[in-house]
Amino acid sequence: MTMPVIKYSRQRESIKQFLMGRKDHPTADVVYRNVRREFPHISLGTVYRNLSLLSELGEISKISTDGPDRFDANQDPHYHFICRRCHAVLDLPLPHMEQMEIQASQAFSGLIEGHTACFYGLCPDCRTSAGDTEKKD
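J.: So what's going on with the pattern of salt bridges? Residues and values would help.
T.: According to the stated counting rule, one finds 3 salt bridges in the structure shown. Note that arginine 22 is salt-bridged to aspartate 24, the shortest N-O span being 2.6 Å. Lysine 62 is the salt-bridge partner of aspartate 69, the closest N and O atoms lying 3.8 Å from each other.

J.: I'd like a rundown of unusual backbone geometry, residues and numbers included.
T.: Phi is positive for histidine 25, close to 55 degrees, though the residue is something other than glycine. Turning to its location among the elements, histidine 25 is positioned in the loop between α1 (10-20) and α2 (28-35). Residue histidine 25 is classed as buried on the basis of its relative accessible area, which comes to 2%. Unlike most non-glycine residues, histidine 87 shows phi in positive territory, near 65 degrees.

J.: Quick rundown of the nonpolar core? Include the residues and the values.
T.: Formed by 16 residues in total, the largest nonpolar core has its most connected members in Ile15, Leu19, Val31, Val35, Val47, Leu51 and Ile60. Only α1, α2 and α3 (44-56) provide two or more residues apiece to this core. Tallying contributions element by element places α2 first for this core, with 5 residues. Setting aside residues up to four positions removed in sequence, valine 47 forms contacts with Ile15, Ala28, Val31, Tyr32 and Ile42.

J.: So what's going on with the packing of α2 against α3? Which residues, and what values?
T.: Interhelical geometry of α2 versus α3 gives an angle of 120 degrees and a closest axis separation of 10 Å. If you check the angle between α2 and α3, you find them oblique. α2 and α3 meet at a crossing whose hand is right-handed. In this structure, α2 uses Ala28, Asp29, Val31 and Tyr32 to contact α3, whose residues at the interface are Leu44, Val47, Tyr48 and Leu51.

J.: Tell me about α2, and name the residues and values.
T.: Here α2 lies mainly inside the structure; 6 of its 8 residues are buried. What α2 keeps buried is the set Ala28, Val30, Val31, Tyr32, Asn34 and Val35. Close packing links the buried residues of α2 with α1, α3 and β2 (70-72).

Definitions and cut-offs
Residues numbered from 1 in each chain as written. Predicted model: local features only at pLDDT ≥ 70, side-chain atom pairs only at ≥ 80, totals over all residues. Heavy atoms only, no water. Salt bridge = Lys/Arg side-chain N within 4 Å of Asp/Glu carboxyl O. Helix = DSSP H or I, 4+ residues; strand = E, 2+ residues; numbered from the N terminus. Buried < 20%, exposed > 50% of the residue type's maximum accessible area, 1.4 Å probe, protein only. Core = buried A, V, L, I, M, F, W, Y, C linked by side-chain atoms within 4.5 Å. Contact = heavy atoms within 4.5 Å. Axes fitted to C-alpha atoms, helices over the stretch in contact; angles between N-to-C directions. Parallel < 35°, antiparallel > 145°, perpendicular 65-115°, else oblique. Left-handed = near helix turned anticlockwise from the far one by under 90°.

Right, here's the structure in full:
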């Protein structure tokens, strides 16, 4: 089965380029406000549709949180930390754990093609503001 050909869109390309220049996993609203500088008449709905399409095509990742979804153009295997207070999404500098996929493949009769993992807690800013500076063992 072949994928339908997706027509090139300058707006979609601008959204993707904006995300590629970011490390902070912006929300659709942040993407919208910034892409509007280049395309003043773009609608929020168009931004949402293009983010959804880029995610479906595997060109970006959508990260669901308790707050608004976040978007990431980095498609290299990596892990995220999600703050339960401010909903910030941060990259975790951990090596990709290929052993986890091997173990999953051994325990599952289907086909494992990859994995994602998110870690949750308080980001450094929220941890400091909460007065919880003691490390947990």
